[in-house]
Amino acid sequence: MATVYLPVEATIPGMTSAERAEAIDAEVWALRRPDSVRSPQDITRYYYPRITHPTTGQAAIVGDTAEDIYIHPDVDLTELLALLPEVPQAEKDGLVMFIDANRGGTVPFGQLIPSTSTQLTEVEAEAEGWFPDPIEP
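Residues numbered from 1 in each chain as written. Predicted model: local features only at pLDDT ≥ 70, side-chain atom pairs only at ≥ 80, totals over all residues. Heavy atoms only, no water.

Colleague: Honestly, the overall build of the protein chain in this entry has me stumped. Any pointers?
Modeller: Each helix and strand counted, the protein chain has four helices and five strands in total. In sequence order, the protein chain lays out its α and β elements as β-α-β-β-β-α-α-β-α. Expected size for 137 residues packed as a compact globule is a radius of gyration near 14 Å; at 16 Å, the protein chain falls within 12% of this value. When the backbone C-alpha atoms are referred to their principal axes, the protein chain occupies close to 50 × 35 × 35 Å. Across the 137 residues that make up the protein chain, the buried fraction comes to 37%. The long-range fraction of contacts in the protein chain, counting pairs at least 24 apart against all pairs at least 6 apart in sequence, stands at 68%. Summed over its atoms, the accessible surface of the protein chain is roughly 7,900 Å², and 54% of this surface lies on carbon and sulfur atoms. Distance between charge centroids for the protein chain: 9 Å, based on 8 positive and 23 negative side chains. (Helix = DSSP H or I, 4+ residues; strand = E, 2+ residues; numbered from the N terminus. Rg over C-alpha atoms; globule rule 2.2 N^0.38 Å. Buried < 20%, exposed > 50% of the residue type's maximum accessible area, 1.4 Å probe, protein only. Contact = heavy atoms within 4.5 Å. Areas by Shrake-Rupley, 256 points an atom, 1.4 Å probe, with all protein chains shown as cover. Lys, Arg positive; Asp, Glu negative; His and termini not counted. Charge placed at Lys NZ, Arg CZ, Asp CG, Glu CD.)

The structure is reproduced here in structure tokens:
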């Protein structure tokens, strides 16, 4: 297991960092269970936990780079790609080809992280203040 903290920038007009992180996380869940196969009884909409920086308010997705993500055969990447405006088109095209080649199979989460994403280890996240100081009794 390799825990990774992925700070999410507010790069989409009208979306906060937290809103964008939530939307990206929902699209990771949609890789495994797209809207086309969800039922009204489905209550899960997200895959990974998210944290908020106590000082800046920036959100981060907390994932595991080694975790295998099932890719549903009916997955639609339109929304996920729209949430990644800073990712070069060639990289987006490569992601589409990679997902298409693995429909019905699994891929490690780490292979889905764009090259433009900041990736922090737990030590780095702690050093950058992502975890609040312990509450004293």
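Colleague: Would you mind going over the packing of aromatic side chains with me for this structure?
Modeller: To describe a pair of aromatic rings, one takes the distance between the centres and the angle between the planes. Going through the model one piece at a time under the given rule, you end up with four aromatic pairs. An angle of 75° between the planes, with centres 5.5 Å apart, marks the rings of Tyr5 and Phe131 as edge-to-face. Of this pair, Tyr5 sits in strand 1 (residues 3–8) while Phe131 sits in the segment after helix 4 (122–127), and the two are 126 residues apart along the sequence. An aromatic cluster of three or more residues is present, and its members are Trp29, Tyr47, Tyr48 and Phe109. One Lys or Arg, Arg50, reaches over the ring of Tyr46 and ends 4.7 Å from the middle of that ring. (Phe/Tyr/Trp six-rings, centres within 6.5 Å; stacked < 30°, edge-to-face > 60°. Lys NZ or Arg CZ within 6 Å of the ring centre and 35° of its normal.)

Colleague: Whenever I open this one, the side chain of Arg20 confuses me. Can you help?
Modeller: As for its position among the elements, Arg20 is in helix 1 (residues 17–32). In this structure Arg20 touches Val8, Glu9, Thr11, Ile12, Met15, Leu83, Leu84, Pro85 and Glu86, once residues within four positions along its chain are discounted.

Colleague: Help me understand the nonpolar core, please; the structure alone is not making it clear to me.
Modeller: Where a protein is soluble and globular, its nonpolar side chains tend to be buried together. Counting residues in each nonpolar core, the largest one holds 29 residues, and the members touching the most others are Ile69, Phe109 and Leu112. Of all the elements in the fold, those that place two or more residues in this core are strand 1, helix 1, strand 3 (59–64), helix 2 (78–82) and helix 3 (89–101). With six residues, helix 1 is the single largest residue contributor to this core. What Ile69 contacts, discounting residues up to four positions off in sequence, is Leu31, Tyr47, Tyr48, Gly105, Thr106, Val107, Phe109 and Leu112. Counting six residues, the second largest nonpolar core, distinct from the first, contains Tyr5, Leu120, Ala125 and Trp130. (Core = buried A, V, L, I, M, F, W, Y, C linked by side-chain atoms within 4.5 Å.)

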